Amino acid sequence: MEKERIQSSQNAILLYGAWFVALIATLGSLYFSEIKGFIPCELCWYQRIAMYPLVLILGIATFRNDAKVFIYGLPLSLLGGSISILHYLEQKVPGFGGIKPCVSGVPCSSEYINWFGVATIPFLALIAFILISVAMVVLAVRNKKN
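Not measured: the values here are computed from a predicted model.

Reading guide: rules and limits
Residues numbered from 1 in each chain as written. Predicted model: local features only at pLDDT ≥ 70, side-chain atom pairs only at ≥ 80, totals over all residues. Heavy atoms only, no water. Helix = DSSP H or I, 4+ residues; strand = E, 2+ residues; numbered from the N terminus. Buried < 20%, exposed > 50% of the residue type's maximum accessible area, 1.4 Å probe, protein only. Contact = heavy atoms within 4.5 Å. Areas by Shrake-Rupley, 256 points an atom, 1.4 Å probe, with all protein chains shown as cover. Phe/Tyr/Trp six-rings, centres within 6.5 Å; stacked < 30°, edge-to-face > 60°. Lys NZ or Arg CZ within 6 Å of the ring centre and 35° of its normal. Core = buried A, V, L, I, M, F, W, Y, C linked by side-chain atoms within 4.5 Å. 1 Å grid on protein atoms, 1.4 Å probe; cavity = no way out; pocket = protein on both sides within 12 Å on 5 of 7 lines; lining within 4 Å. Points joined across faces, edges and corners; volume = space filled by probe spheres on them. Axes fitted to C-alpha atoms, helices over the stretch in contact; angles between N-to-C directions. Parallel < 35°, antiparallel > 145°, perpendicular 65-115°, else oblique. Left-handed = near helix turned anticlockwise from the far one by under 90°. Nonpolar A, V, L, I, M, F, W, Y, C, P; charged D, E, K, R; others polar.

**Student:** Explain the overall build of the protein to me, using residue names and the numbers behind them.
**Tutor:** Secondary structure assignment for the protein yields four helices and zero strands. Secondary structure elements of the protein, listed N to C terminal, follow the sequence α-α-α-α. Projected onto its principal axes, the C-alpha coordinates of the protein cover approximately 55 × 30 × 25 Å. Looking at the protein as a whole, 40% of its 146 residues are labelled buried. Restricting to contacts in the protein with at least 6 residues of sequence separation, those with at least 24 account for 73%. Total accessible area on the protein stands at roughly 8700 Å², and carbon and sulfur atoms take up 71% of it.

**Student:** Describe the packing of aromatic side chains, naming the residues involved and giving the relevant values.
**Tutor:** The description of an aromatic ring pair rests on the distance of the ring centres and on the angle between the ring planes. According to the stated counting rule, one finds five aromatic pairs in the structure shown. Seen from their ring centres, Phe32 and Trp115 are 6.5 Å apart, and the 55° between their planes marks the pair as tilted. Of this pair, Phe32 sits in helix 1 (residues 2-35) while Trp115 is found in the loop between helix 3 (70-92) and helix 4 (121-145), placing the two residues 83 residues apart along the sequence. You can call Phe32 buried: its relative accessible area is 12%. Judged by relative accessible area, which is 42%, Trp115 ranks as partly exposed. Site record: aromatic cluster; members linked through ring pairs are Tyr31, Phe32, Phe38, Tyr112 and Trp115. Sitting over the face of the ring of Trp45, Arg48 holds its NZ or CZ atom 4.9 Å from the ring centroid.

**Student:** Before we move on, could you go through the nonpolar core and cite the residues and values that matter?
**Tutor:** Formed by 23 residues in total, the largest nonpolar core has its most connected members in Leu54, Leu58, Ile132 and Met136. Discounting residues that sit within four places of it in the chain, Leu54 has contacts with Ala22, Gly59, Gly73, Leu76, Ser77, Phe129 and Ile132. Cys41, Cys44, Val106 and Cys108 belong to the second-largest nonpolar core, a separate cluster that totals seven residues.

**Student:** Lay out empty space enclosed by the protein in plain terms, naming residues and giving numbers.
**Tutor:** Tallied over the full model, the rule gives one cavity of 30 Å³ or more. Its volume calculated, the largest cavity comes out at about 80 Å³. In terms of lining, the largest cavity is formed by 13 residues, of which the most central are Cys44, His87, Gln91, Ser110 and Tyr112. Looking at the lining of the largest cavity, the elements that each hand over two or more residues are helix 3 and helix 4.

**Student:** Explain the packing of helix 3 against helix 4 to me, and be specific about the residues and the numbers.
**Tutor:** Direction vectors running N to C along helix 3 and helix 4 enclose 150°, while the axes themselves pass 8 Å from each other. One way to sum up the angle between helix 3 and helix 4 is to call them roughly antiparallel. Crossing of helix 3 over helix 4 shows left-handed handedness. For the contact of helix 3 with helix 4, a count of residues per class yields 16 nonpolar, nine polar and no charged.

Right under this line is the structure:
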């Protein structure tokens, strides 16, 4: 009984953490676009498509203490992380055009921010997707043991 309570508490910490990361990433992207006026490029929109639902999915899972959310959360976070890697490479590797270079609107190679010469918006999104993915993998492993 005590072991189950501890495991439930640890799952709750992972769920809250993943939800909090998704929430901060979403609010950050909205801050950059709506307050700072940075127009999102095409790849930014794809990353948003992966991140925004995670706020709702992980929020509901946290409220319900549903450790099986990894079934839905992990694919979204891996997809979003993959897009973030592609976007970051397009920004940082000269001549890298990705699978489909952005041809209309804001170019995907533009960098609105470049903190410490490394941290661009896709890099920040990648960190968020990695943190969420790690939490989902830990939940999946813990769920498999039961």
